[in-house]
Amino acid sequence: MEFFNIIIQISFFLLLSCLPFSYVLNQKKILNNFKSIDYLSVNYLFLLNLILVFSFFNFDKEVLFLCLLILSILSLIFLIIKKVKFYNSILFYSFLFVIFFVSVDIANTFSFDWDTKKYYLPRAYAFFQSLFVDDLIKHTERPYFSTYIWSFFWKNSLIQYEYFGRMVYGYLYVLSIFYFFDIKKIELKSKIILCLVVILFTYKSSLFAGNPDILMFSLFMFLAKELYQIFNDNISNNNLITLSLILNLMIWFKSEGMVYSIITFISVLLFLKNNNKFKILLFLSITTFLTIKILFYNYWGLSLNPNQSLFSSTFFNMLNFNLILERSLLVCLWYLTYFFTNPIVIFILFFVAYLYFNHRTRIKYFNFIICFFLIKFLAIYFSSIISTYELTLNFHLKYTVDRVIFQSSGLLLIILLQNYDILKKFFNFNLK
């Protein structure tokens, strides 16, 4: 019975990914060259943003689900009537195969960590019971949407087991990886191999126990694909819209998402050439999203402090040279430890070293990635320096820095896409 319901829940995810949003954006391309992974990905990002908008008003989850499901079914019927030409069906079937096994594993994951048991699960259950942010009492300053979508799909499953809500985490994770590698210059077999390798490097059952870090990793995979296209002179209005959808979700999944959106804009501003219109529109989008969040927090009386137990303005009075030096050493120690033990980082560093000695001219194309990670490190460094954790900062860094590095590690995979020809030659990928 549970296997049957897992299949039904995956079917719900797929159907809801068939909203007409992608078709409206690019009608001719969809009809002439239907790429299922692209279509599902953009639609799903739009779906999550749509659920976010309705969540502001605590709209009835079951009514919203039914409306979205009907609209998605109508959209799918329309595509069938139009006789769209499907491409890369093997890639789509591979995606289904992986998402099924990930979903089964999530269904067997009940070992929640401390944060989930004390914070995320109670919040998801509150939303499941149709409560809202004004009913929450712990860490109300933190973004609520990761647990809201957990409750949304938990509520709208046939037998309403909580893990059906967490399955959306796995669906987004697998979809983002397949979306990232689904580009023209990579052969079909290589796409599947690369997707499986990244999943092998990053997959842990514990990541799907309710903590939103895996959602942030997934969004960074989507973000990496968009930035790759933008910095390779393939800019379109669709890129701007998709990028905006991603950054908005980041802002509402984790507190650091606000910082990530600003860092992304800075990287685009500094290194994207000859496209001022795109920069202005991206700036307006990010400013609008941040303004909406500020207004939402003010309306519900929530603190804009990203973590009230971690940051306090009074701590600046305690800062001195010795404290700054001690904390600087701790931050560098834990950041370097986790940075150089992350599987994606290790592989990319070896690949970059190979490029440096054999194709040095390619290195200059990494500037925007270096800029992103440098500013991100400075943000981690500054937040740690002013932290109110006097005696437990070492403990705090030990159990948080690895997750923060993991979140954005997928961004480094842009280097593989930019140098796929060299990667293929290096590994002798003679696949057709």
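Going by the structure above, here's the rest.
No experiment lies behind these values; they were computed from the predicted model shown.

Visitor: Give a description of the overall build of the protein chain that names residues and reports values.
Guide: Within the protein chain, the secondary structure is distributed over 20 helices and two strands. Taking the principal axes of its C-alpha atoms as reference, the protein chain extends roughly 70 × 60 × 45 Å. Buried residues in the protein chain amount to 54% of all 432 residues. Taking all contacts inside the protein chain whose residues are at least 6 apart in sequence as the whole, residues at least 24 apart take part in 81%. Carbon together with sulfur atoms contributes 67% to the accessible area of the protein chain, which is approximately 20000 Å² in total. The averaged location of the 21 negative side-chain charges in the protein chain is 12 Å from the averaged location of its 35 positive side-chain charges.

Visitor: Outline unusual backbone geometry, listing residues and values.
Guide: Positive phi, close to 70°, is recorded for S130, a residue that is not glycine. By the element assignment, S130 lies in the loop between α7 (114-128) and α8 (145-155). Note on S130: relative accessible area 45%, which makes it partly exposed. Positioned with a positive phi, N274 is a non-glycine residue whose angle comes to about 60°. Accessibility expressed as a relative area gives 79% for N274, which makes it exposed.

Visitor: So what's going on with the packing of helix α4 (residues 36-55) against helix α9 (residues 163-181)? Which residues, and what values?
Guide: Viewed as axis vectors pointing N to C, α4 and α9 meet at an angle of 135°, and their least axial separation amounts to 10 Å. Classified by the angle between their axes, α4 and α9 sit oblique to one another. For the pair α4 and α9, the crossing hand works out as left-handed. In this structure, α4 contributes I37, D38, L40, S41, V42, Y44 and L48 to the contact, and α9 contributes V168, Y171, L172, L175, F178 and Y179. Of the residues contributing to the contact of α4 with α9, the split by class is eleven nonpolar, one polar and one charged.

Visitor: Quick rundown of the layout of surface pockets? Include the residues and the values.
Guide: Rolled over the atoms, a probe sized like a water molecule indicates the empty space that remains. Considering only enclosed or pocket space, the second largest pocket measures out at about 640 Å³ in volume. Those elements that place two or more of their residues in the lining of the second largest pocket are α2 (21-25), α3 (27-32), α4, α11 (213-230) and α12 (237-253). Here the element with the most residues in the lining of the second largest pocket is α11; it accounts for four residues. Its residues assigned to classes, the lining of the second largest pocket shows seven nonpolar, ten polar and eight charged.

Visitor: So what's going on with the packing of aromatic side chains? Residues and values would help.
Guide: Applying the stated criterion to the full structure yields 62 aromatic pairs. When the centroid spacing of 5.3 Å and the interplanar angle of 85° are considered together, the rings of Y356 and F357 count as edge-to-face. An aromatic cluster of three or more residues is present, and its members are F56, F127, F132, Y144, F145, Y148, W252, F253, F296, Y297, Y299 and W300. One residue, K155, lies across the ring of F128, its end atom 4.8 Å from the ring centre. A cation over an aromatic ring shows up here: K225 above the ring of Y179, its NZ or CZ 3.9 Å from the ring centre.

Visitor: I'd love a proper account of the nonpolar core, names of residues and values included.
Guide: One finds Y44, Y144 and F145 to be the most contacted residues of the largest nonpolar core, which totals 148 residues. Broken down by element, this core gets its largest block of residues, 15 residues, from α9. If near-sequence neighbours (up to four positions away) are discounted, F145 is found in contact with L48, I51, L52, S55, L249, W252 and F253.

Visitor: I'd like a description of a nonpolar patch on the surface, backed by residues and values.
Guide: Nonpolar side chains collect at one region of the surface, where L66, I70, I73, L74, I77 and I81 lie side by side and expose about 560 Å² of accessible area between them. Relative to the assigned elements, L66 resides in helix α5 (residues 61-81).

Parameters at a glance
Residues numbered from 1 in each chain as written. Predicted model: local features only at pLDDT ≥ 70, side-chain atom pairs only at ≥ 80, totals over all residues. Heavy atoms only, no water. Helix = DSSP H or I, 4+ residues; strand = E, 2+ residues; numbered from the N terminus. Buried < 20%, exposed > 50% of the residue type's maximum accessible area, 1.4 Å probe, protein only. Contact = heavy atoms within 4.5 Å. Areas by Shrake-Rupley, 256 points an atom, 1.4 Å probe, with all protein chains shown as cover. Lys, Arg positive; Asp, Glu negative; His and termini not counted. Charge placed at Lys NZ, Arg CZ, Asp CG, Glu CD. Axes fitted to C-alpha atoms, helices over the stretch in contact; angles between N-to-C directions. Parallel < 35°, antiparallel > 145°, perpendicular 65-115°, else oblique. Left-handed = near helix turned anticlockwise from the far one by under 90°. Nonpolar A, V, L, I, M, F, W, Y, C, P; charged D, E, K, R; others polar. 1 Å grid on protein atoms, 1.4 Å probe; cavity = no way out; pocket = protein on both sides within 12 Å on 5 of 7 lines; lining within 4 Å. Points joined across faces, edges and corners; volume = space filled by probe spheres on them. Phe/Tyr/Trp six-rings, centres within 6.5 Å; stacked < 30°, edge-to-face > 60°. Lys NZ or Arg CZ within 6 Å of the ring centre and 35° of its normal. Core = buried A, V, L, I, M, F, W, Y, C linked by side-chain atoms within 4.5 Å. Patch = residues over 30% accessible without salt bridge, like charges linked within 9 Å, V, L, I, M, F, W, Y side chains within 5 Å. Salt bridge = Lys/Arg side-chain N within 4 Å of Asp/Glu carboxyl O.

Remember, this is a structural readout, not a statement about activity or role.
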